[in-house]
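# Breakdown of the fold
Each chain is listed here by its residues.
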Amino acid sequence: MNKKKISLSLIFLLLVALNMNPVPISACSCEMPPTADVALNNADAVFSGEVVSINEHTKESGYVVKFNVQREWKGLDTKAVSIYTASDSAACGVNFSIGEEYLVYAHRYEETSDAMLTTTLCDRTASVANISDDLALIGKGDIPIKIEANDEPRNNNIYYFGILTIILTGSLFIWRYTKKPT
């Protein structure tokens, strides 16, 4: 009876092992990163900014990281920008932390569902605390002046309502005092 249980267990384990499908994995492998000036020329956007939020991407396996842009070197003129990065360093994703400032070298990535900017570990993206060599090659950058297009607009309806009220009140007074008594 013991031999029967052991034989059935071995057959069961063999069947389980034969039905297992290997899951393909990929690990991040980068060449030696280019110098900062070459990375600047190759990137679609280069900026430094503080991370204000990190959210899971709705359609891709990764994160959307929103930055308040402090300086820009290329490809941006906004005070806020969102970029995509893979979910972990094994897939070349950058592990950002909220509240930290980074120098980001980003590329337009057409394979994401919304063709947004993206960065990887291979792009020289790093904490501002570690970029003194980069700044020596690429300079100080510019301060952005425009507000991001999808930032919440100010509600101007109250101003229009106030102006309309003043015009109507003024018109009423003018009409009342210019009307000739009969």
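This is a predicted model, so every value here is computed, not measured. Within each chain, residue numbers correspond to sequence positions counted from 1 in written order. For a predicted model such as this one, the threshold for reporting local features is a pLDDT of at least 70, and the threshold for listing and counting side-chain atom pairs is 80 or more; totals across whole chains, interfaces and linings nevertheless cover every residue. Side-chain metrics in this entry use all non-hydrogen atoms of the structure; hydrogen atoms and water are not considered.

Attention now goes to the state of the cysteines. A pair of sulfur atoms, both from cysteines and within 2.5 Å, is called a disulfide here. In the structure shown here, the tally under the stated rule is 1 disulfide. A sulfur-sulfur distance of 1.7 Å marks the disulfide that ties C30 to C122. Disulfide C30 to C122: torsion about the S-S bond roughly -70°, handedness left-handed. Taken together, the positions of C30 in the loop between α1 (2-19) and α2 (36-42) and C122 in the loop between β5 (117-118) and β6 (126-127) put the pair 92 residues apart, joining distant regions of the chain. Taking relative accessible area as the criterion, C122 reaches 26% and is therefore assigned partly exposed. Starting at the N terminus, helices and strands are each numbered in turn, a helix being any DSSP run of H or I of at least four residues and a strand any DSSP run of E of at least two. Exposure categories follow from relative accessible area, calculated using a 1.4 Å probe and restricted to protein chains: below 20% of the type maximum is buried, above 50% is exposed, and the middle band is partly exposed.

Another point: the environment of E101. Looking at where E101 falls in the secondary structure, it is placed in strand β4 (residues 101-108). For the pair formed by E101 and V52, sequence separation is 49 residues and the distance between their alpha carbons is 9.6 Å. Those residues in contact with E101 that sit more than four places away from it in its chain are S48, G49, E50, Q70, S127 and V128. It only takes one pair of heavy atoms within 4.5 Å for two residues to be counted as in contact.

Working definition: rings of Phe, Tyr and Trp (its six-membered ring) pair if their centres are within 6.5 Å, and the pair is stacked with planes under 30 degrees apart, edge-to-face with planes over 60 apart, and tilted otherwise. Per the counting criterion, the structure on display carries 3 aromatic pairs. When the centroid spacing of 5.2 Å and the interplanar angle of 75° are considered together, the rings of F47 and F67 count as edge-to-face. Here F67 lies in strand β2 (residues 62-74) and F47 lies in strand β1 (residues 45-56), a separation of 20 residues in the sequence. With a relative accessible area of 0%, F47 lands in the buried category. Centroid distance F67 to F96: 5.4 Å. Interplanar angle 85°. Geometry classified as edge-to-face. With F67 in strand β2 and F96 in the loop between β3 (80-86) and β4, the pair connects residues that are 29 residues apart, well separated along the chain. For the pair shown, F67 and F96 are each scored as buried. Among the aromatic residues, ring-to-ring pairing joins F47, F67, F96 and Y102 into one connected group.

Moving on to the side chain of E72. Examined against the element boundaries, E72 turns out to sit in strand β2. Of the side chains with opposite charge, R71 comes closest to the buried, unpaired E72, at an N-O distance of 9.1 Å. Between N or O atoms, a polar contact is any pair within 3.5 Å; within protein, one atom must be a potential hydrogen donor and the other a potential acceptor, and residues adjacent in sequence are included only when both atoms are from side chains. Polar contacts involving the side chain of E72 include one to the main-chain amide nitrogen of K74, which spans 3.4 Å. In this structure, E72 is in contact with V46, F47, G141 and D142, ignoring residues within four places of it in sequence. Residues scored as positive are Lys and Arg, those scored as negative are Asp and Glu, and His as well as the terminal groups of each chain are ignored. Salt bridge, as used here: a side-chain nitrogen of Lys or Arg that lies within 4 Å of a carboxyl oxygen of Asp or Glu.

The next thing to look at is the confidence of the model for the protein. pLDDT: the predictor's confidence for each residue, scored from 0 to 100. On average, residues of the protein score 78 in pLDDT, and 72% of them reach the 70 mark or higher. The secondary-structure element of the protein with the lowest mean pLDDT is α1, recorded at 60, while β1 shows the highest, at 94.

To continue, consider the side chain of S127. Tracing the sequence through the fold places S127 in strand β6. Given the relative accessible area of 16%, S127 is considered buried.

Now for the pairing of β3. Taken across its 7 residues, β3 has 6 buried, putting it largely inside the fold. A pair of strands counts as paired when DSSP detects no fewer than two bridges linking them. Judged from the 7 bridges that link them, β2 and β3 form a sheet pairing that is antiparallel. Residue pairing for β3: V65 is matched across the bridge by I83. Once β2 ends, the chain turns through 5 residues before running back antiparallel as β3, passing G75 with a positive phi of about 80°.

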